[in-house]
Amino acid sequence: MVADNIRRRKWQQNPDAVKNNILETATAIFAKDGFSGARMDDIARQTETSKRMVYYYFTDKKQLYITVLEVAYAKVRAAENELNLEGYPAGEALIRLIGFTFDYHRNHPDFVRLIQIENIHQARHLATSDIISAVNLSAIAALERLIKRGSEAGEFHSNNDALELHWLITSSCVFNITNRASFQQLYGANLFTDDGQDRLKKLIISSIMQTVLA
């Protein structure tokens, strides 16, 4: 008991670690139970800190949920930036981006579930966050630069639209997660083995590239 109290005091002396732990725990619970179903008591119970500290850092459930969304979107955009797409020819850069998007959604199903939940709520929480809007507009701007480079190099045709391309890439990769359970129940699990997922990723890359190449 004494050791646990000492560990907790040391933990609470590191506010960034406390907040990160709360956010990781809240992300999993919101993804599982949704905004309406998640309970602050459950979130606090599964963290390494107290319920009082959860409220201290995040005020209430709504603010915690919005922060979870902000962090989730920031992480995917940061991971995209690490691809260094500007360092590759436009066609190769786009292939890397599509492949990354497929893998990221596959490896982060909680992120996809959060998107599903927010759509159920008509994106009303997203609408309150200027951070999320700014972060995601940067993804469109990056695609616009990529399309411009590809058009100028003669790789892409001239009427590609960044927003439409972003929608096309994202929709395929999100469907792969959101509809996995029903699709697998109806048609079997072949597409969701490692080999099946690799084939799907290649198919998505090939299909999208055919729409943009000159």
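Heads up: these notes are all about the structure in this document. Small disclaimer: the values here were computed from a predicted structure and weren't measured. (Residues numbered from 1 in each chain as written. Predicted model: local features only at pLDDT ≥ 70, side-chain atom pairs only at ≥ 80, totals over all residues. Heavy atoms only, no water.)

Turning to its location among the elements, A139 is positioned in helix 8 (residues 130-152). Residue A139 is classed as buried on the basis of its relative accessible area of 8%. A C-alpha to C-alpha distance of 9.3 Å links A139 and L163, two positions 24 residues apart in sequence. With residues near it in sequence (within four places) discarded, A139 still touches R77, E80 and H166. (Helix = DSSP H or I, 4+ residues; strand = E, 2+ residues; numbered from the N terminus. Buried < 20%, exposed > 50% of the residue type's maximum accessible area, 1.4 Å probe, protein only. Contact = heavy atoms within 4.5 Å.)

In contact at an axis separation of 9 Å, helix 2 (residues 15-37) and helix 7 (residues 109-120) are set at 40 degrees when each is read in the N-to-C sense. As for the relative orientation of helix 2 and helix 7, their crossing is left-handed in sense. Packed against helix 2, whose contacting residues are T27, A28, F30, A31, G34 and F35, the element helix 7 presents D110, R113, L114 and I117 at the interface. Partitioned by chemical class, the residues of the contact of helix 2 with helix 7 number six nonpolar, two polar and two charged. (Axes fitted to C-alpha atoms, helices over the stretch in contact; angles between N-to-C directions. Left-handed = near helix turned anticlockwise from the far one by under 90°. Nonpolar A, V, L, I, M, F, W, Y, C, P; charged D, E, K, R; others polar.)

Once that is clear, we can look at the packing of helix 5 (residues 61-81) against helix 8. Between helix 5 and helix 8, the least distance of the axes is 9 Å, while the angle of their chain directions is 20 degrees. Relative to helix 8, the element helix 5 is oriented roughly parallel. You can see that helix 5 and helix 8 cross each other, and the crossing is left-handed. Taken together, the residues of helix 8 that come into contact with helix 5 (itself represented by L69, E70, Y73, A74, R77 and E80) are I131, I132, V135, N136, S138 and A139. (Parallel < 35°, antiparallel > 145°, perpendicular 65-115°, else oblique.)

Here we come to the pattern of salt bridges. If you walk through the whole model with that rule in mind, you get 12 salt bridges. Linking D194 and R106 is a salt bridge whose minimum nitrogen-to-oxygen distance equals 2.8 Å. One end of the pair, D194, is in helix 11 (residues 194-212); the other, R106, is in helix 6 (residues 90-107), and 88 residues separate them in sequence. On the accessibility criterion, R106 (25% relative accessible area) is partly exposed. (Salt bridge = Lys/Arg side-chain N within 4 Å of Asp/Glu carboxyl O.)

Taking 1.5 Å as the rise per residue, helix 2 with 23 residues should run 33 Å; its terminal C-alpha atoms sit only 27 Å apart, a clear shortfall. For helix 2, the principal kink sits at A31 and spans about 80 degrees. (Expected span 1.5 Å × (residues − 1). Bend = angle between axes of the 7 residues up to and from the residue.)

Helix length check: helix 11 (19 residues) gives 28 Å between terminal C-alpha atoms against 27 Å at 1.5 Å per residue, within 8%. Looking only at helix 11, the buried set comprises G196, Q197, L200, K201, I204, I205, I208, M209 and V212. Against the buried residues of helix 11 lie helix 6 and helix 9 (162-178).

If you look at the biggest cluster of nonpolar residues, it comprises 53 residues, and the most contacted ones within it are F30, L64, L94, I98, L114 and L165. Ignoring anything within four residues of it in the chain, the contact list for L114 reads T27, F30, A31, Y65, V68, L69 and A72. (Core = buried A, V, L, I, M, F, W, Y, C linked by side-chain atoms within 4.5 Å.)

Just geometry here; none of it tells us what the structure is for.
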